[in-house]
Amino acid sequence: MFEAELLGPRAWGEPCGAAVLKAAPEDFRVTEVLDIELSGEGEHLWLLIEKRGLNTEEVARKLARTSGVSLRDISYAGLKDRVAVTQQWFSLQLPGKADPDLSSLWGDNLSCLQQVRHKRKLQRGAHSANRFLIRLTELQAEKPPLEARLKMLAEQGVPNYFGPQRFGYAGGNLEDARNWAQRCAYPPARGTRSRLLSTARSYLFNQMLAERVAAGNWNSVLPGDCLAFTQSRSQFPASELAADDQRVAQLDLHPTAALWGAGELASSGAQAEMEQKVAAQEPDLAEWLAQAGMDQARRILRLPIAGLTWHYPSSDCLELEFTLPTGCFATAVLRELVELVSQAGGGIESE
């Protein structure tokens, strides 16, 4: 399944060139930004772990085995890439227990940077953002158009597509979701069920965003839009937006599209009709999501890129630093810049 089907058209024109992504794990670094003050006491042990060449679930299983804690008592804020160097938070529930000896885990590919107790478990999505440091190698691009595109991305943002990794290798997760939806059934394994429901929801959202990108209004407020802030779940109809409100221009307030589920759409008029039309093109998936008990939600259409900086360590290498809100994909930024060539096994999902 092609990327264009899973995502949609680019907003800012053809890529400025091509580059290799993840020639080495060190070329893709991600750090979770956690804005939570940890109490220093409680039954939950929070760990900031740096990993290399491991995915999040593998680390969770290692923590469970070494600590003697059930896997269901291991929590993490987000999924992070295997082929990368990532810093992310985990928590272990240890009621009435001392800190376990985890020293046997630490080595070249896994280390603990911080360890502190807290009264609550770590929830998914608890971090506020992900900070990226990405090195693109074997760069083939003319510098002037590349520089102009980078400046535009910093000023205007990019379409907030879910990355192709959300859909599995060659779109396999989406095909699995469609198969379950056609049977009106759900995978018995909770993790698989959650993954496939998320895949279905992400796909419908991407198709709605693709409609807006194709129309050239993905970053504009239209009648009937539901608006939301970059770092807040609060939302309100576009009809309540004051004419002199600068927050849209400042990339703090954005139009949204549906994360499909049961209930009424928050959009109205032509925008609600467009979202319903997209959902009607995948009736099995839309009904499957509603019957799973997932409520209608919203996701911003425009992805602002905080603190975007760049430099060239060599003539054929571009190094980027930027921060994205939780649940947003570096893929969405990079695909507006260059055509990516990923090394075998090098997924680029970070949530």
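Residues numbered from 1 in each chain as written. Predicted model: local features only at pLDDT ≥ 70, side-chain atom pairs only at ≥ 80, totals over all residues. Heavy atoms only, no water.

## So, the overall build of the protein
Looking only at helices and strands, one finds eight helices and 16 strands in the protein. In terms of overall size, the protein behaves like a compact globule, its C-alpha atoms giving a radius of gyration of 21 Å where 351 residues would be expected to give roughly 20 Å. With the principal axes as the frame, the protein shows a C-alpha extent of 60 × 55 × 40 Å. Out of the 351 residues in the protein, the part that is buried amounts to 51%. (Helix = DSSP H or I, 4+ residues; strand = E, 2+ residues; numbered from the N terminus. Rg over C-alpha atoms; globule rule 2.2 N^0.38 Å. Buried < 20%, exposed > 50% of the residue type's maximum accessible area, 1.4 Å probe, protein only.)

## Some points on the pairing of strand 11 (residues 253–259)
Of all seven residues making up strand 11, seven are buried, and the element is well covered by its neighbours. With three bridges joining them, strand 9 (residues 226–229) and strand 11 adopt antiparallel strand pairing. Bridge assignment links leucine 227 to a residue of strand 11, and that residue is proline 255. Both strand 11 and strand 12 (residues 297–300) contribute to a ladder of four bridges, which runs antiparallel. By the bridge assignment, alanine 258 is partnered in strand 12 with arginine 298. (Pairing = 2+ DSSP bridges.)

## Observations concerning the pattern of salt bridges
All told, the structure shown has 15 salt bridges when counted by the stated rule. With a closest N to O distance of 2.9 Å, arginine 212 and aspartate 225 form a salt bridge. Of this pair, arginine 212 sits in helix 5 (residues 190–215) while aspartate 225 sits in the loop between helix 5 and strand 9, and the two are 13 residues apart along the sequence. Classification of aspartate 225 by relative accessible area gives buried; the value is 2%. (Salt bridge = Lys/Arg side-chain N within 4 Å of Asp/Glu carboxyl O.)

## A look at the packing of helix 5 against helix 6 (residues 269–280)
At their nearest, the axes of helix 5 and helix 6 sit 9 Å apart, and the two run at 130° to each other. Relative to helix 6, the element helix 5 lies oblique. Helix 5 and helix 6 meet at a crossing whose hand is right-handed. Within the contact between the two elements, helix 5 uses Leu204, Gln207, Met208, Glu211 and Arg212 and helix 6 uses Gln271, Met274, Glu275, Lys277, Val278 and Ala279. The residue inventory of the contact of helix 5 with helix 6, partitioned by class, reads five nonpolar, two polar and four charged. (Axes fitted to C-alpha atoms, helices over the stretch in contact; angles between N-to-C directions. Parallel < 35°, antiparallel > 145°, perpendicular 65-115°, else oblique. Left-handed = near helix turned anticlockwise from the far one by under 90°. Contact = heavy atoms within 4.5 Å. Nonpolar A, V, L, I, M, F, W, Y, C, P; charged D, E, K, R; others polar.)

## So, the packing of aromatic side chains
Here the structure, examined in full by the defined rule, presents 10 aromatic pairs. Ring geometry for phenylalanine 229 versus phenylalanine 236: centroids 6.1 Å apart, planes at 50°, classification tilted. The same class applies to phenylalanine 229 as to phenylalanine 236, namely buried. An aromatic cluster is present here, built from Phe28, Phe132 and Phe322 joined pairwise through their rings. The ring of tyrosine 186 is capped by arginine 193, whose NZ or CZ atom sits 4.7 Å from the centre of that ring. Looking at arginine 299, its charged tip hangs above the ring of phenylalanine 205, at a distance of 5.4 Å from the centre. (Phe/Tyr/Trp six-rings, centres within 6.5 Å; stacked < 30°, edge-to-face > 60°. Lys NZ or Arg CZ within 6 Å of the ring centre and 35° of its normal.)

## Some thoughts on the sheet that holds strand 10 (residues 235–237)
Ordered in space as 10-9-11-12, the four strands form an open sheet in which the pairing is antiparallel. Bordering the open sheet on either side are strand 10 and strand 12, each of which pairs with just one other strand. The mean inter-strand angle of the sheet, taken between neighbouring strand axes irrespective of direction, is 45°. Pairing of strand 9 with strand 10 involves three bridges; the strand directions are antiparallel.

## Details of the pairing of strand 2 (residues 28–33)
In terms of burial, strand 2 is largely enclosed, as five of its six residues are buried. Across six bridges, the pairing between strand 2 and strand 7 (residues 129–141) is antiparallel. Directly across from threonine 31, in strand 7, lies its bridge partner arginine 131. As paired elements, strand 2 and strand 5 (residues 85–93) share three bridges and run parallel to each other. Paired with valine 30 across the two strands is threonine 86, which belongs to strand 5.

## Here's the deal with helix 4 (residues 172–182)
Among the residues of helix 4, Asn173, Leu174, Ala177, Arg178 and Ala181 are the ones counted as buried. Buried residues of helix 4 fall within an arc of 140° about the axis and therefore sit on the same side. In the segment just after helix 4, cysteine 184 is the residue with positive phi, at about 55°. (Arc of directions from axis to C-beta.)

## Quick notes on unusual backbone geometry
Here the phi dihedral of glutamate 138 falls at roughly 50°; this positive angle occurs in a residue that is not glycine. Topologically, glutamate 138 is positioned in strand 7. Look at leucine 251: it is not a glycine, yet its phi comes out positive at around 60°. Its location among the elements puts leucine 251 in the loop between strand 10 and strand 11.

## Observations regarding the nonpolar core
Leu204, Phe205, Met208, Leu209, Trp260, Leu285 and Trp288 are the most contacted members of the largest nonpolar core, which totals 35 residues. Among the secondary structure elements, those contributing two or more residues to this core are helix 4, helix 5, strand 11, helix 6 and helix 7 (283–291). With sequence-adjacent residues up to four places away left out, tryptophan 288 is seen in contact with Ala177, Trp180, Ala181, Ala185, Tyr186, Pro187, Leu196, Leu197 and Ala200. Formed by 28 residues, the second largest nonpolar core is a distinct cluster that contains Val30, Leu153, Leu318 and Val338. (Core = buried A, V, L, I, M, F, W, Y, C linked by side-chain atoms within 4.5 Å.)

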